[in-house]
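# Survey of secondary and tertiary structure
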Amino acid sequence: MSDAPGGKLWWRSLEEAADGPELAALLARQYPSQAEAWIDPLRRRDFLRLMAASLALGGLASCSSQPREEIVPYVHAPENLVPGKPLFYATALALGGLGTGVLVESHLGRPTKVEGNPLHPASLGATDVFAQAAVLGLYDPDRSQALTYVGAIRPWSEFLAVLRSARGVARARRGAGLRILTETVTSPTLAAELAAVLHDFPEARWHQWEPAGRDTARAGARLAFGEDADTRYALADADVIVALDADFLGCGPAHLRSVREFAARRRPDGRGMNRLYVVESGLTPTGARADHRLPCRAGEVEDVARALAAALGVAGAGGAPPAADARWVAAVARDLAAHRGRSAVIPGEQQPAVVHALAHAINAALGNVGKTVVHTAPVEARPEDQLASLRALTADMDAGRVELLLVLGGNPVYTAPADVPFAAALAKVPLRVHLGLYADETAELCHWHVPEAHPLEAWGDVRAYDGTVTIQQPLIAPLYGGRSALELLAAFGERPERGGREIVREHWQGARPGADFEAAWRRWLHDGVVPGTALAPKTVAVRPDVLRAAPRAAGAGLEVVFRPDPTLHDGRFANNAWLEELPKPITSVTWDNPVLLGPAAAERLGVASEDEVELEHGGRKVRAPVFVVPGHADGSLTVLLGHGRRRAGRVGTGVGFDAYGLRTADAPWIADGVTLRRTGRRRPLATVQHHHRMEGRDVVRTLTVGEHEAHAEPEVSLYPSVAYPGHRWGMAIDLSTCVGCNACVVACQAENNVPVVGRTEVLRGREMHWLRVDSYHAGESANPETHFMPVPCMQCENAPCEVVCPVEATVHSAEGLNDMVYNRCVGTRYCSNNCPYKVRRFNFFQYADWETESLVALRNPDVSVRSRGVMEKCTYCVQRITHARIRAEEESRPIRDGELVTACQQACPAEAIVFGDLNDPQSRVVKLKAEARSYALLEELNTRPRTTYLAAVKNPNPELAT
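Note that the coordinates shown come from a computational prediction; the quantities given were computed from them, not determined experimentally. (Residues numbered from 1 in each chain as written. Predicted model: local features only at pLDDT ≥ 70, side-chain atom pairs only at ≥ 80, totals over all residues. Heavy atoms only, no water.)

## Quick notes on the overall build of the chain
Filter applied, for reference: Strands are runs of DSSP state E lasting at least 2 residues, helices are runs of H or I lasting at least 4, and numbering of each runs from the N terminus. Only the protein chains shown count as covering a residue, and every accessible area follows the Shrake-Rupley method with a 1.4 Å probe.
Helix and strand counts for the chain stand at 30 helices and 40 strands. Carbon and sulfur atoms make up 54% of the accessible area of the chain, which totals about 37,200 Å².

## Description of the state of the cysteines
Defined as follows: Here, two cysteine sulfur atoms that lie within 2.5 Å of each other are counted as a disulfide. Buried means the residue's accessible area, taken with a 1.4 Å probe over protein chains only, is under 20% of the maximum for its type, while exposed means over 50%, and partly exposed covers the values in between.
For the structure on display, the rule yields zero disulfides. Cys 741 carries a free sulfur, and the closest cysteine sulfur to it, the one in Cys 908, is 6.2 Å from it. Here Cys 741 falls in the partly exposed class, since its relative accessible area comes to 29%. Distance from the sulfur of Cys 801, which forms no disulfide, to the nearest cysteine sulfur (Cys 831) is 6.3 Å.

## What to know about the packing of aromatic side chains
Note the threshold: Pairing of aromatic rings covers Phe, Tyr and Trp, the last through its six-membered ring, and needs centres within 6.5 Å; plane angles under 30 degrees mean stacked, over 60 mean edge-to-face, and all others mean tilted. Two conditions define a charge sitting above a ring: the NZ of Lys or the CZ of Arg must be within 6 Å of the ring centre, and it must be within 35 degrees of the ring normal.
Tallied over the full model, the rule gives 17 aromatic pairs. Ring plane angle 85° and centroid distance 5.9 Å describe the contact between Phe 517 and Trp 524, whose orientation is recorded as edge-to-face. Here Phe 517 matches Trp 524 in class, with each residue buried. In textbook terms, an aromatic cluster arises when at least three aromatic residues are bridged by ring pairs, as seen for Trp 459, Trp 508, Phe 517, Trp 521 and Trp 524. The residue whose ring lies beneath Arg 829 is Phe 842, and the NZ or CZ to ring-centre distance is 5.2 Å.

## Examining the sheet that holds strand 9 (residues 205-208)
Note the cut-off: Two strands qualify as a pair provided DSSP detects at least 2 bridges between them. Only heavy atoms enter the contact rule, under which two residues are in contact if any of them lie within 4.5 Å. Between N-to-C directions, angles span 0 to 180 degrees; the directions come from axes that are lines fitted to C-alpha atoms, helices contributing only their stretch in contact.
Spatial strand order, 7-6-18-17-16-8-9: seven strands in an open sheet with mixed pairing. Each edge of the sheet is formed by a strand with only one pairing partner; in this case those strands are strand 7 (152-153) and strand 9. Across five bridges, strand 16 (residues 404-408) lies against strand 17 (residues 431-436) in parallel orientation. Counted as the bridge partner of Val 407 is His 434 from strand 17. This element, helix 7 (residues 156-172), spans strand 16, strand 17 and strand 18 (448-451) of the sheet and lies at about 120° to strand 18. Of the strands in this sheet, strand 8 (178-182) and strand 9 touch helix 8 (residues 188-200), which is tilted by about 165° from strand 8.

## Observations concerning the pairing of strand 17
Among the six residues that make up strand 17, six are buried, leaving the element largely enclosed by the rest of the structure. Residue alternation in strand 17 divides its side chains into two sets, Leu 431, Val 433 and Leu 435 and Arg 432, His 434 and Gly 436, and both sets are buried. As paired strands, strand 17 and strand 18 are joined by four bridges and run parallel to one another. Opposite His 434, over in strand 18, you have His 449 as the bridge partner.

## Structural notes on helix 8
One turn of an α-helix holds 3.6 residues; hence residues three or four places apart share an orientation. Heads up, the rule is: Helices are assigned an expected span. That span is 1.5 Å times one less than the residue count.
In this model helix 8 runs 18 Å from its N-terminal to its C-terminal C-alpha over 13 residues, within 8% of the 18 Å that 1.5 Å per residue would give. Every buried residue of helix 8 is accounted for by Pro 188, Thr 189, Leu 190, Ala 191, Glu 193, Leu 194 and Val 197.

## Let's talk about empty space enclosed by the protein
Using the following cut-off: Any residue with an atom within 4 Å of a point lines the site, the site being either a cavity, points on a 1 Å grid over the protein atoms alone where a 1.4 Å probe fits but cannot get out, or a pocket, an open set with protein on both sides within 12 Å along at least 5 of 7 lines. Grid points are joined across faces, edges and corners, and a volume is the space filled by probe spheres set on the points.
Counted by the stated rule, this structure contains nine cavities of 30 Å³ or more. For the second largest cavity, the calculated volume is near 190 Å³. Among the elements that line the lining of the second largest cavity, the one with the most residues is strand 31 (residues 772-778), at four residues.

## Regarding the pattern of salt bridges
The cut-off we apply is this: Think of a salt bridge as a Lys or Arg side-chain nitrogen and an Asp or Glu carboxyl oxygen that are within 4 Å of each other.
Within the structure shown, the criterion is met by 66 salt bridges. Its salt-bridge partner being Arg 572, residue Glu 183 comes within 2.8 Å of it at the nearest N-O pair. Here Glu 183 is found in the loop between strand 8 and helix 8, whereas its partner Arg 572 is found in the loop between strand 21 (558-564) and helix 22 (577-581), with 389 residues between them in sequence. For Arg 572, a relative accessible area of 27% corresponds to the partly exposed category. Here Glu 302 ties to Arg 306 by a salt bridge, and the two come within 3.0 Å at their closest N and O atoms. You can see Glu 302 and its partner Arg 306 sitting in helix 12 (residues 301-311), four residues apart, about one turn around the helix.

## Some thoughts on the environment of Val 304
In this structure, Val 304 sits in helix 12. Separated by 22 residues in sequence, Val 304 and Ala 326 have C-alpha atoms that sit 8.8 Å apart. Setting aside anything within four residues of it in sequence, one finds Val 304 in contact with Val 279, Leu 294, Cys 296 and Val 329.

## What to know about the side chain of Ser 106
As a reminder, the rule being used: N or O atoms closer than or at 3.5 Å make up a polar contact, with two conditions inside protein: a donor-capable atom paired with an acceptor-capable one, and, for residues adjacent in sequence, both atoms drawn from side chains.
Mapped onto the elements, Ser 106 comes out in strand 4 (residues 98-107). From its side chain, Ser 106 meets the backbone nitrogen of Gly 109 in a polar contact 3.4 Å long. The contacts of Ser 106, once residues within four sequence positions are left out, are Pro 86, Leu 87, Tyr 89, Pro 111 and Leu 475.

## Some points on the environment of Val 242
Checked against the element boundaries, Val 242 lands in strand 11 (residues 240-244). Judged by relative accessible area, which is 1%, Val 242 ranks as buried. Other than its neighbours up to four places away in sequence, Val 242 contacts Tyr 277, Leu 308, Val 332, Leu 336, Ala 344, Val 345 and Ile 346.

## As for the nonpolar core
Our working rule: As used in this record, nonpolar core signifies buried Ala, Val, Leu, Ile, Met, Phe, Trp, Tyr and Cys residues forming a set joined through side-chain atoms within 4.5 Å.
Among the nonpolar cores identified, the biggest contains 117 residues, and Met 789 and Tyr 949 are the most heavily contacted of them. Of all the elements, helix 24 (residues 743-751) adds the most residues to this core, at five residues. When sequence neighbours within four positions are dropped, the list of residues in contact with Tyr 949 reads Ile 733, Leu 735, Met 789, Pro 790, Val 791, Pro 792, Met 794, Arg 933, Ser 934, Tyr 935 and Leu 937.

## Side note on the sheet that holds strand 14 (residues 343-347)
Reading across from one edge, 13-12-11-14 is the order of the four strands in this open sheet, with parallel pairing throughout. For this open sheet the edge positions go to strand 13 (292-295) and strand 14, each flanked by a neighbour on one side alone. Averaged over all adjacent pairs, the angle separating strand axes in this sheet is 10°, with direction ignored. Bridge count between strand 11 and strand 14: five bridges; the pairing is parallel. Along strand 14, the bridge assignment pairs Ile 241 with Ala 344. Helix-sheet contacts for helix 14 (residues 353-365) involve strand 11 and strand 14, and the interaxial angle to strand 14 is about 170°.

## A look at the confidence of the model for the chain
Just so we agree on the cut-off: As a per-residue measure, pLDDT tells how confident the predictor is, with possible values from 0 to 100.
Summary statistics for the chain give a mean pLDDT of 88 and a share of 90% for residues scoring 70 or more. The least confident element of the chain, judged by mean pLDDT, is helix 3 (residues 34-38) at 46; the most confident is strand 16 at 97. Per-residue pLDDT stays below 50 along residues 30-42; that stretch engages in 21 contacts with residues further than four places along the chain or on separate chains. Of the regions scoring below 50 in pLDDT, residues 58-66 engages in eleven contacts with residues more than four places distant in sequence or in other chains.

## Observations regarding the pairing of strand 10 (residues 230-233)
Residues Asp 230 and Arg 232 point to one face of strand 10 and are all buried, whereas Thr 231 and Tyr 233, pointing to the other face, are not buried. Taken together, the four bridges between strand 10 and strand 15 (residues 373-376) define a ladder with antiparallel strand orientation. Pairing of Asp 230 across the sheet is with Thr 376, part of strand 15.

Below, the structure written as structure tokens:
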């Protein structure tokens, strides 16, 4: 805990806030003494003998040799391919059917890093954790590597013959018995191919299923408008935002753009700060950024929405919030009314259709439509109720009406609701074909499994949240002979020999005919967007009888809330080690998905963090550990989907518990009447929230609008003053805008070849991330004020680590960077002990995988791969500094401000991280450091860090300020 100058007591966990014996026991477990970690209790003489041997062999252990590699030169070098100079290609990565434009870095034909595409409306140059981890998914050695029939490897020609025979049978029956199951499809080319199949086989059926789909949003639009419509939010123009259980800063179809637009209005720079109100059950990144947050059960959000609508004059809204919330709702309603046309009410995707309809009605009543709220036609190629579609397919399979099923991506055997017997019905289909990246739970029950090409290996196209199309181009030939959904459908069609590029080009030649198609095609590939494809605004009207339905009945007992995992999504990324080890926002849990509940519920139920419990709903039971988190509504439990996989690969199989076992079709997101029972056992959780503590020092600083606080650095120092006449690099991090998404953490990992260590090592406090994002709370645990703080190496001018290193492995460069010379390091770890920021990492073991061949191609060749026994840390991406210096020297010019971007800065959707030259008075970083709210972390220690922070600014409503 830390007592800030403003009088707030900051804490990182409930155990730390209580400061009881539980914290001491937890820290003792996570920070064992070396004897406890390595050896059994010894006599003094034996211990000294072992220590002497360790010192004698220390040099050998810390200088292990690099693996031997064969180097073969080009006979004829490819054109435009220069070793050491990466190329970038524009493409898109899809999640939930919606594309995010990216630029992929390629070294000699090897994709190694993903960045955001500044020209793409859904990216704006930023990325999320899934895009950053895509390259690890590409090189995953556990991906399907062969086409199989009932587990046995078969050639493509044999599969093609079976497919052609099935096509003949289907044609004779006009497609009766043919079913195609896909995930959400927005691809114009894939939609056209599917339409062609349905035209040739009119009795066939195409179904879509995605567990984290937008069925409730679609149903809400139909309820409000009587027709399908998508809704977009222009948050850059919104002065007041109300989120009804909507984590729009943490996930969603346009969350990168939402974060960018929201963050642009969180800086006290003269534009005027926005104000955010959040109603939610569990603390989310959006709730953490709220100026006012109201925790309530997820099932009670409808009551709050109805009361808000009624206060704003929406006819038929009815309902009333609990008495404790009436003042909050009244103040929010007055604030919205004062900002008509400059506000936005956003419903959560997991909320029922009526909440979406209420939000639409409120936005219409406030005059927000056409300004901050825009409706369009659906971006999906064929909008439908996906749950109903899955049920219909299951019924057809169970009744024997399906003879051939093509599953094009997805894993419905794992993700189907527990009360939809998809797996049992699937077994009754005579011929089952599965296309997927992994031999997963669905592939296990299919006859044929076809390896799917990774998105970075395949041609295709995809629409963004606003309809903008990107042509997906491959960065590398399929590593394992994978096929795309387009190519598999082509194999079922009249021209089975067509490749993905030919299919996509033919479609767009028909869609955009003209003599200049070749030039346009090249421009589309270069820019990563097809101009003129965004969906136009659509005029819709809220039906007058939309809210006549009776309010929901109060839920009984505990409710369980299902959410996609912030790092694994619906489970498709379960075998991605970067994402498994990435700390989840708020909880900082890795390698698990505990049951989340608030402190009041935990006390009432008699459970504590890491207690194992059994959840039961509708006769279905699962067991999982508990994790008590601040800010969680009483009477509500949250479970994360995507864990408990049986066939995910060597990394993800058996990690966590399968929450789909409780999820039913009738209550896919919120289920009442759940019972919780203690089992009497405990299951340790690999959470990093207690790691790298700064022992009660002042860390987070906050202000409200209009407040200013200046912090001068100490001038007296025992260190000699050093001048850096050339470049003097520094960084500023704005705590007002950081949303804790952790994209910067994965970006740093991908850029710098940072290895994963696994669950056991994380439990020992040995994670290797060079950058961490801490969560700090203040106030009551039931509804605390929360802030995120990214913590890289501070690059201290007066570096405490340097004076204690006996071999000068950590030294200052000519530009003032605190460098690590790996070849000098002998692993004393004195530097880590003397670092007050706890940002240095020691690789106790050889965490980097040098044996798996495919992972060799993954690594950034500009950054050395460390062996065991050396200290690692953030370097401000010194390799990028070197590249920028070389480019500037080649062009005989200085390095421009903004030209040099670190990996964490480039990934950040909030633009919270700014890097630049402190010797350039016009640089953005210098201007940020000159702001009144700029401060240095632990500046009283006189380390003079190059990385500084801008205090977080809140914009509270005076009516609710207490």
